[in-house]
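Next come the chains, spelled out residue by residue.
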Amino acid sequence: AEKESMLRALDILREEDFHEASHREVFIAVRDLHDRNITPDVITVGEFLQKSGRLEAVGGQAFLFQLTNLVPSALHVEHYSAIVREKSVRRRMISEARAVLEECHSSPDEAGDLLDRAQQRFFALAQDKASKGMVGSAQLMQTAISALEKLAENNKFITGVPTGFKELDKLTSGLQPTNMV
């Protein structure tokens, strides 16, 4: 369950979501260890940070033990990750608003141009927030299994809208929702 919780957190969070540099460094270490198929824990993260010369900068091994005591349960990792992500988005909104304010005071450009740039900044932020990132293999596999079960139940080869072309329908199982055709 803890490994699944960690995977969910890695799907939700990015290193720039962490305001505190020490928390960011720990997250990077956890992510890098995971990418190397090493189980991240207090010892492996501490060793990783020690080898890269960043352990003392984050507060040493004592800081890592302190972090593990702050998180009551891995069961709520999605909730905690969502809180960190939410705070990150708010900080980025504040940063973009300050940049727009500064540009309004200092730029000789016309108001329409300034407005266009401000909209682009916030649109990019909204797009980034809306993106879900990568989908885990377990979720993809569950979707595939569900589709196969549906085929078996109906004893059909077409799960989507038939095109009328039998060979094409065999290849695609019909036109599927969310596919751009």
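Counting of residues starts from 1 at the beginning of each chain's written sequence and follows it residue by residue. With the structure being a predicted model, the display of local features is reserved for residues of pLDDT at least 70 and the display and counting of side-chain atom pairs for 80 or more, all residues being used for whole-chain, interface and lining totals. Hydrogen atoms and water are omitted, and side-chain values are computed over all heavy atoms in the structure.

A closer look at the packing of aromatic side chains
Next up, step 1: Stacked, tilted and edge-to-face are the three classes applied to pairs of Phe, Tyr and Trp rings, where Trp contributes its six-membered ring and a pair requires centres within 6.5 Å; stacked means planes under 30 degrees apart, edge-to-face means over 60, and tilted covers the rest. The full count for this structure, using the stated rule, is one aromatic pair.
Next up, step 2: Measuring from ring centre to ring centre gives 5.0 Å for F18 and F27, while their planes differ by 35 degrees; the resulting arrangement is tilted. Here the two residues F18 and F27 agree in accessibility, since each one is buried. Partly exposed residues are those whose accessible area sits between 20% and 50% of the maximum for their type, while under 20% is buried and over 50% is exposed, using a 1.4 Å probe and protein chains only.

Thoughts on the pattern of salt bridges
Next up, step 1: By salt bridge we mean one thing: a side-chain nitrogen of Lys or Arg within 4 Å of a carboxyl oxygen of Asp or Glu. Counted by the stated rule, this structure contains 11 salt bridges.
Next up, step 2: Residue E15 pairs with R31 through a salt bridge whose shortest N-O separation is 3.0 Å. Separated by 16 residues along the polypeptide, E15 in the loop between α1 (2-12) and α2 (21-35) and R31 in helix α2 bring together distant segments of the chain.
Next up, step 3: Residue R31 is classed as partly exposed on the basis of its relative accessible area, which comes to 25%.
Next up, step 4: In this structure, R121 engages E96 in a salt bridge whose closest nitrogen and oxygen atoms are separated by 2.8 Å. In this pair, R121 sits in helix α7 (residues 111-130) while E96 sits in helix α6 (residues 77-106), placing the two residues 25 residues apart along the sequence. By definition, any uninterrupted DSSP run of H or I lasting at least four residues is a helix, any uninterrupted run of E lasting at least two residues is a strand, and each is numbered from the N terminus.

With respect to the nonpolar core
Next up, step 1: As used here, the term nonpolar core means buried Ala, Val, Leu, Ile, Met, Phe, Trp, Tyr and Cys residues forming a set that is joined through side-chain atoms within 4.5 Å. Ranked by internal contacts, the top residues of the largest apolar core, which has 17 residues, are V26, V45, L49 and L64.
Next up, step 2: Those elements giving two or more residues to this core turn out to be α1, α2, α3 (42-51), α4 (55-58) and α5 (60-70).
Next up, step 3: When residues of this core are assigned to their parent elements, the largest contribution, five residues, is made by α2.

Here we look at the packing of α2 against α5
Next up, step 1: The geometry of α2 relative to α5 is characterised by a closest axis approach of 12 Å and an angle of 85 degrees between their N-to-C directions. Between α2 and α5, the angle falls in the class roughly perpendicular. Only F63, L64 and L67 of α5 make contact with α2, whose side of the interface consists of S22, H23 and V26.
Next up, step 2: Classification convention: Asp, Glu, Lys, Arg as charged; Ala, Val, Leu, Ile, Met, Phe, Trp, Tyr, Cys, Pro as nonpolar; all other residues, Gly among them, as polar. For the contact of α2 with α5, a count of residues per class yields four nonpolar, two polar and no charged. As a rule, the C-alpha atoms of each element are fitted with a line to give its axis, helices using only the stretch in contact, and angles between N-to-C directions run from 0 to 180 degrees. In what follows, roughly perpendicular refers to angles from 65 to 115 degrees, roughly parallel to angles under 35, roughly antiparallel to angles over 145, and oblique to any angle outside these ranges. Note on definitions: a residue-residue contact is assigned when non-hydrogen atoms from the two residues lie within 4.5 Å.

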